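The lines below spell out each chain.
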Amino acid sequence: ARGLSGLSLWGWRSGPGPAMFGPGRGRGGRMPESVLGLPLHPLVVHAAVVLVPLAAILAIVVAVDPVRRRRLGLVVWLLALAGAASAFAARLSGQDLAQAVYPSGLPDPVIDHQSVGLTSPWFALALWGGVSALLLLDLDRSRRRGVGSPLLPTVLSVVVILVAMAAVMQVL
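Just so you know, these numbers come straight off a predicted model, no measurement behind them. (Residues numbered from 1 in each chain as written. Predicted model: local features only at pLDDT ≥ 70, side-chain atom pairs only at ≥ 80, totals over all residues. Heavy atoms only, no water.)

## Some remarks on the overall build of the protein chain
- Of regular secondary structure, the protein chain possesses four helices and three strands.
- Taking all 172 residues of the protein chain together, 31% fall into the buried category.
- Only carbon and sulfur atoms are counted for the fraction: they give 70% of the accessible area of the protein chain, which is about 10300 Å². (Helix = DSSP H or I, 4+ residues; strand = E, 2+ residues; numbered from the N terminus. Buried < 20%, exposed > 50% of the residue type's maximum accessible area, 1.4 Å probe, protein only. Areas by Shrake-Rupley, 256 points an atom, 1.4 Å probe, with all protein chains shown as cover.)

Written out as structure tokens, the structure reads:
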């Protein structure tokens, strides 16, 4: 893409390397190397480190308070979605960056960093899924005028709280 001034907004890496979706998956897309001249990987890592804990804290709030769930539910859902997307973008851009910087093999600290990056997106996605389930259940219960077991929302709220804590521990 080109900016208004004609400068490239996305710095795409050229040359051989892994496809965005891995070999044999058909897309063949690439992660950009930079955005507005800034390296992409640190940007999306910091986005995930901010968005996932923020979404987790607010998920706990909406899990324990149905009134706030109605007010903040969509905001929390969007934050959790953005956190999951940034965690996946960090994973993909990190894989490209690691191969570009260390073509002959990864040093131990990078391997440790990479292992966190491989699992963090799944915890962030679980947080988004838990918030989604909680909001859908709340929507269904309000549509049915509260008919149903009070146990299911309680259990789901506890699950959302546990997933939120796990996501924060994994991302940070």
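## Some details on the pattern of salt bridges
- In the structure shown here, the tally under the stated rule is two salt bridges.
- In this structure, Asp-65 and Arg-68 form a salt bridge, with 3.7 Å as the shortest nitrogen-oxygen distance.
- Relative accessible area serves as the criterion here: at 21%, Asp-65 is assigned to the partly exposed category.
- Of the charged contacts, one joins Asp-138 and Arg-69 as a salt bridge, the two residues approaching to 3.4 Å between their closest N and O atoms. Separated by 69 residues along the polypeptide, Asp-138 in helix H3 (residues 108–143) and Arg-69 in helix H2 (residues 66–101) bring together distant segments of the chain. For the pair formed by Asp-138 and Arg-69, the shared burial category is buried. (Salt bridge = Lys/Arg side-chain N within 4 Å of Asp/Glu carboxyl O.)

## Quick look at the environment of Gln-170
- Tracing the chain through its elements places Gln-170 in helix H4 (residues 151–171).
- Considering only alpha carbons, one finds Gln-170 and Trp-122, 48 residues apart in sequence, at a separation of 9.7 Å.
- Apart from the residues lying within four places of it in its own chain, the contact partners of Gln-170 are Val-116, Thr-119, Ser-120 and Phe-123.
- Engagement of the side chain of Gln-170 in a polar contact is seen with the side chain of Thr-119, the distance being 2.5 Å. (Contact = heavy atoms within 4.5 Å. Polar contact = N/O pair within 3.5 Å; in protein donor to acceptor, adjacent residues only side chain to side chain.)

## Some details on the packing of aromatic side chains
- Under the criterion given, the structure shown has two aromatic pairs.
- Taken together, a centroid distance of 5.8 Å and an interplanar angle of 50° make the contact between Trp-77 and Trp-128 tilted. Of this pair, Trp-77 sits in helix H2 while Trp-128 sits in helix H3, placing them 51 residues apart in sequence.
- Between the aromatic rings of Phe-88 and Trp-122, the centroid separation amounts to 5.0 Å while the plane-to-plane angle is 90°, which identifies the pairing as edge-to-face. With Phe-88 in helix H2 and Trp-122 in helix H3, the pair connects residues that are 34 residues apart, well separated along the chain. (Phe/Tyr/Trp six-rings, centres within 6.5 Å; stacked < 30°, edge-to-face > 60°.)

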